[in-house]
Amino acid sequence: MKISIVIPVYNVAPYLRAGLDSVVKQWREGVEVVAVNDGSKDDSLEILRDYERRYPFLKVIDQPNAGVSVARNAGIEATSGEWVTFMDPDDAYVDGAIAYLLDAVKKTTTDIVYYDSQVVYDQSEVVPLIKGSVRTVDLNDRGQVLDAVKTLCPIAWNCCYRRSALGSIRYVPGLAKSQDVVYGFTCFCKARAIEVHATKLYKYYQRIDSCVHTVSEKRIRGDIDAAVHIFELAKIWKWYEDC
């Protein structure tokens with residue numbers, strides 16, 4: 001069983017080594033990393049090439065800037081794992097997370113393993129891996145589906161997807177925001193079931209200089225475009241209760 005971790009990279013040189021280190025220091029047999037440099041203008045590509053030389057399980061793709069959706073799609077195409085997940089280059093995995101994920105995908109009969117994360121404001125903060133409950137959501141059960149869309153939000157880095165079940169689903173190019181949420185809910189439509197782990201495996205760093213904290217017309221329109229995509233899925237799969 002192999003997990004492929006796809007990392008889209010764009011101008012994150014100050015944080016990139018810490019994120020990559022959180023993967024390589026806990027590498028296990030059965031894990032590959034595909035990092036896609038999306039036309040970075042800083043030293044990100046040089047850092048990636050350094051790690052590629054030192055770690056044979058890490059592959060680097062270099063492409064002209066095309067946006068995070070195109071970068072993630074390029075990463076998916078280059079992977080060879082039965083399972084695929086995503087990491088943002090300025091975040092990190094909790095110690096023990098990769099071994100936990102490998103064990104989870106080996107045991108599950110579902111198509112998606114969904115796990116928890118910890119919002120972190122200080123990069124030096126230590127987040128222990130504390131195992132939580134595990135439950136299965138049957139996506140053929142309307143009641144469970146309605147509960148899932150209320151309580152679960154698939155983000156790039158909190159789901160591990162079985163590739164054989166999800167087929168040709170890819171990120172929608174051009175969306176300025178919430179590309180991963182649209183992708184995740186599209187995968188929900190294709191999957192048979194989700195295994196939900198209440199265990200924090202991922203450190204989601206909050207930084208003032210992050211683009212997620214900026215407000216612009218492009219990003220507002222991105223929210224609207226993503227909402228339209230999700231609403232269309234909701235209509236098809238009836239992700240709402242009749243009033």
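What you see is a predicted model; the values in this text were computed from it and never measured. (Residues numbered from 1 in each chain as written. Predicted model: local features only at pLDDT ≥ 70, side-chain atom pairs only at ≥ 80, totals over all residues. Heavy atoms only, no water.)

Each helix and strand counted, the protein chain has eight helices and nine strands in total. In the protein chain, which comprises 243 residues, the share counted as buried stands at 51%. Once local pairs closer than 6 in sequence are excluded, the contacts in the protein chain between residues at least 24 apart make up 85%. For the protein chain, the accessible area works out to roughly 11700 Å², and carbon and sulfur atoms hold 53% of it. (Helix = DSSP H or I, 4+ residues; strand = E, 2+ residues; numbered from the N terminus. Buried < 20%, exposed > 50% of the residue type's maximum accessible area, 1.4 Å probe, protein only. Contact = heavy atoms within 4.5 Å. Areas by Shrake-Rupley, 256 points an atom, 1.4 Å probe, with all protein chains shown as cover.)

This part is about the packing of aromatic side chains. Tallied over the entire structure, the rule returns 11 aromatic pairs. Between Trp157 and Tyr202 the ring centres are 4.6 Å apart and the planes differ by 0 degrees, which places this aromatic pair in the stacked class. Of this pair, Trp157 sits in the loop between helix 5 (142-151) and strand 8 (159-162) while Tyr202 sits in strand 9 (residues 193-205); the two residues are 45 residues apart in sequence, bridging distant segments of the chain. Classification of Trp157 as buried rests on a relative accessible area of 5%. Judged by relative accessible area, Tyr202 falls into the buried class, the value being 0%. A connected cluster of aromatic rings, assembled from ring pairs, spans Trp27, Tyr51, Tyr55 and Phe57. One Lys or Arg, Arg54, reaches over the ring of Tyr51 and ends 4.7 Å from the middle of that ring. (Phe/Tyr/Trp six-rings, centres within 6.5 Å; stacked < 30°, edge-to-face > 60°. Lys NZ or Arg CZ within 6 Å of the ring centre and 35° of its normal.)

This brings us to the environment of Lys106. By the secondary structure assignment, Lys106 is in helix 4 (residues 97-107). Overall, Lys106 belongs to the exposed group, its relative accessible area being 53%.

Along strand 2 (residues 31-38), eight of the eight residues are buried, which leaves the element largely enclosed by surrounding structure. By the alternation rule, side chains of strand 2 split into Val31, Val33, Ala35 and Asn37 and Glu32, Val34, Val36 and Asp38, which are all buried. Bridge analysis of strand 1 (residues 3-9) against strand 2 gives seven bridges, and the strand direction is parallel. When the sheet's bridge partners are listed, Val6 is paired in strand 2 with Val34. Of the crossover connections in this fold, the one passing from strand 1 over helix 1 (residues 13-24) to the parallel strand 2 is right-handed. As defined by bridge partners, strand 2 adjoins strand 3 (residues 58-63) across six bridges and the pair is classed as parallel. Along strand 3, the bridge assignment pairs Asn37 with Asp62. You can see the chain leave strand 2, run along helix 2 (residues 44-54) and come back into strand 3, and the turn it takes is right-handed. (Pairing = 2+ DSSP bridges. Right-handed = clockwise from strand over helix to strand, strands pointing away.)

Let's shift gears to the environment of Gly67. Structurally, Gly67 is set in the loop between strand 3 and helix 3 (68-78). Relative accessible area serves as the criterion here: at 26%, Gly67 is assigned to the partly exposed category. Taking C-alpha positions, Gly67 is 9.8 Å from Val9, a pair spaced 58 residues apart along the chain.

With that settled, consider the side chain of Lys203. With respect to the helices and strands, the residue Lys203 is situated in strand 9. Here Lys203 sits buried without a salt bridge, and the closest side chain of opposite charge, Asp95, lies 6.0 Å off (N-O distance). Once residues lying within four places of it in the same chain are set aside, the contact partners of Lys203 are Asp91, Ala92, Tyr93, Val94, Gln118, Val120, Glu125 and Val127. (Lys, Arg positive; Asp, Glu negative; His and termini not counted. Salt bridge = Lys/Arg side-chain N within 4 Å of Asp/Glu carboxyl O.)

Coordinates in, geometry out; function isn't part of it.
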